[in-house]
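# Summary of the model geometry
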Amino acid sequence: AQKVTQAQTEISVVEKEDVTLDCVYETRDTTYYLFWYKQPPSGELVFLIRRNSFDEQNEISGRYSWNFQKSTSSFNFTITASQVVDSAVYFCALSEGEAAGNKLTFGGGTRVLVKP
Amino acid sequence: DTEVTQTPKHLVMGMTNKKSLKCEQHMGHRAMYWYKQKAKKPPELMFVYSYEKLSINESVPSRFSPECPNSSLLNLHLHALQPEDSALYLCASSQVGWPYGYTFGSGTRLTVV
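Bear in mind the structure is a predicted one, so any value in this text is a computation, not a measurement. (Residues numbered from 1 in each chain as written. Chains lettered and ligands numbered in written order. Predicted model: local features only at pLDDT ≥ 70, side-chain atom pairs only at ≥ 80, totals over all residues. Heavy atoms only, no water.)

### Digging into the overall build of chain A
We apply this condition: The helix and strand labels rest on DSSP assignments: H or I over at least four residues marks a helix, E over at least two residues marks a strand, and numbering proceeds from the N terminus. For the radius of gyration, the atoms used are the C-alpha atoms, and the globule rule reads 2.2 Å times the number of residues raised to 0.38. Relative accessibility thresholds used throughout: buried, under 20% of the residue-type maximum; exposed, over 50%; partly exposed, between the two (1.4 Å probe, protein chains only). Contacts are assigned to residue pairs that have any heavy atoms within 4.5 Å of one another. For the charge count, each Lys or Arg is scored as positive and each Asp or Glu as negative, with His and the chain ends excluded. For this purpose, a charge sits on NZ of Lys, CZ of Arg, CG of Asp or CD of Glu.
When helices and strands are counted, chain A shows zero helices and twelve strands. A globule of 116 residues ought to have a C-alpha radius of gyration of about 13 Å, and chain A, at 14 Å, matches this closely. Overall, the C-alpha framework of chain A stretches about 45 × 30 × 20 Å when taken along its three principal axes. Residues classed as buried in chain A amount to 47% of the 116 residues present. Looking at chain A alone, contacts between residues at least 24 apart form 54% of all its contacts between residues at least 6 apart. Of the charged side chains in chain A, 11 are positive and 14 negative, and the gap between their average positions amounts to 3 Å.

Below you can see the structure in the form of structure tokens.
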């Protein structure tokens, strides 16, 4: 079974529109961490946020915000007032337990295209 | 220095060639990782090194041979690859333990012809 599901493969918006990326995860661990990464065309994965399973507070960082709902196993990501520079592939990832060796399991990614 | 540097950025090799990918970091991280990313797919873990020792091998074929000669350097030796091995190879580093976030390099885009 897929552990991290990003149902949207591609989203296209016009600049200044808001865009929300969905992430649903599956784990049996009570302690785990969730991440979002951005991958621009250059290829490097850029860390955006890390959230542990005990912290359900929503977080805002500039135009980015994250909504973590443990009850629905979701960790959604919203870009407000999108800009062309936000065009990239965004990955949600799960890290489960020390025994897993700090391994990241990625979702399939959502490609965001922001048109001017 | 907060970077992970990968060389070369692009590599084209024949199926009979031997080549190596190099990854370097100077952040004092003692865990280093190789991930493979096929086109339009997420990265998949290949190897983990912890304190310069191989700790995880995700059942990777032996034509991929990792090496960690010191705490700053990680190599991936390639031999007798197949065209389906063409992918973006990403290196990452982190502190040892869990759950430390990774710093990724920008990858080596490998094409096997």
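We are not done yet, so read on.
### Observations concerning the pairing of strand β9 (residues 74-79) of chain A
Regular strands place their side chains on alternate faces of the sheet. All names here are of chain A. Which entries qualify depends on this criterion: Any two strands with at least two DSSP bridges between them are considered paired.
In terms of residue burial, β9 counts as a mostly covered element, since six of its six residues are buried. Here strand β3 (residues 19-21) pairs with β9 via three bridges, running antiparallel. Following the sheet pairing, V19 is matched in β9 by I79. Counted between consecutive antiparallel strands, the loop separating strand β8 (residues 64-69) from β9 contains four residues, among which S73 sits at a positive phi close to 50°.

### Re the interface of chain A and chain B
Short version of the rule: By definition here, a salt bridge exists when the distance from a side-chain nitrogen of Lys or Arg to a carboxyl oxygen of Asp or Glu is within 4 Å. Two N or O atoms count as a polar contact when they lie within 3.5 Å, although within protein this holds only if one can serve as hydrogen donor and the other as acceptor, and sequence-adjacent residues are included solely when both atoms are side-chain atoms.
Facing 26 residues of chain A, the contacting portion of chain B comprises 24 residues. A salt bridge links B:E58 to A:K103; the shortest N-O distance between them is 3.0 Å. Our count for the chain A to chain B interface comes out at four residue pairs in polar contact (both at pLDDT 80 or more). Those elements giving two or more residues to the side of chain A that touches chain B turn out to be β5 (32-39) and β10 (88-96) of chain A.

### Quick notes on the pattern of salt bridges
Summed over the entire model, instances satisfying the criterion amount to nine salt bridges over all chains. The shortest N-O distance in the salt bridge between B:K22 and B:E24 comes to 3.8 Å. Relative accessible area serves as the criterion here: at 27%, B:E24 is assigned to the partly exposed category. One salt bridge in this structure joins B:K36 and B:D85, with 3.8 Å as the shortest N-O distance. Here B:K36 is found in strand β4 (residues 31-37), whereas its partner B:D85 is found in the loop between β8 (73-79) and β9 (87-94), with 49 residues between them in sequence. You'll find B:K36 and B:D85 in the same group, each marked buried. Counted as one network, the salt bridges with shared partners bring together A:R51, A:D55 and A:E59.

### Looking at the nonpolar core
Residues and elements named next belong to chain A. Going by this rule: We call a set of buried Ala, Val, Leu, Ile, Met, Phe, Trp, Tyr and Cys residues a nonpolar core when their side-chain atoms join them within 4.5 Å.
L21, W36, W66, F77 and Y90 are the most contacted members of the largest nonpolar core, which has 24 residues in total. Those elements giving two or more residues to this core turn out to be β2 (10-14), β3, β5, β6 (46-52), β8, β9, β10 and β12 (110-115). Considering each element in turn, this core owes the most residues, four residues, to β10. Apart from the residues lying within four places of it in its own chain, the contact partners of F77 are V19, T20, L21, W36, L48, Y64, S65, W66 and Y90.

### Some details on the pairing of strand β11 (residues 108-112) of chain B
All names here are of chain B. Burial along β11 is one-sided: the face carrying T108, L110 and V112 is buried and the face carrying R109 and T111 is not. Note: β9 against β11, three bridges, orientation antiparallel. By the bridge assignment, L88 is partnered in β11 with R109.

### Side note on the environment of B:K19
All names here are of chain B. Along the chain, K19 falls in strand β3 (residues 18-25). Separated by 57 residues in sequence, K19 and L76 place their C-alpha atoms 8.5 Å apart. Dropping the residues within four chain positions of it, K19 is found in contact with L11, M13, L76, H77 and L78.

### Points about the state of the cysteines
Our working rule: In plain terms, two cysteine sulfur atoms within 2.5 Å form what is called a disulfide here.
In the structure shown here, the tally under the stated rule is two disulfides over all chains. A sulfur-sulfur separation of 2.0 Å characterises the disulfide bridge that pairs A:C23 with A:C92. Here the S-S torsion is close to -65°, and the disulfide linking A:C23 with A:C92 is therefore left-handed. Pair noted here: A:C23 is in the loop between β3 and β4 (24-25) and A:C92 is in strand β10, with a separation of 69 residues, a long-range link. Residue class for A:C92 comes out buried when judged on its relative accessible area of 0%. This cysteine, B:C68, is not joined by any disulfide, and B:C23 carries the nearest cysteine sulfur, 9.1 Å off.

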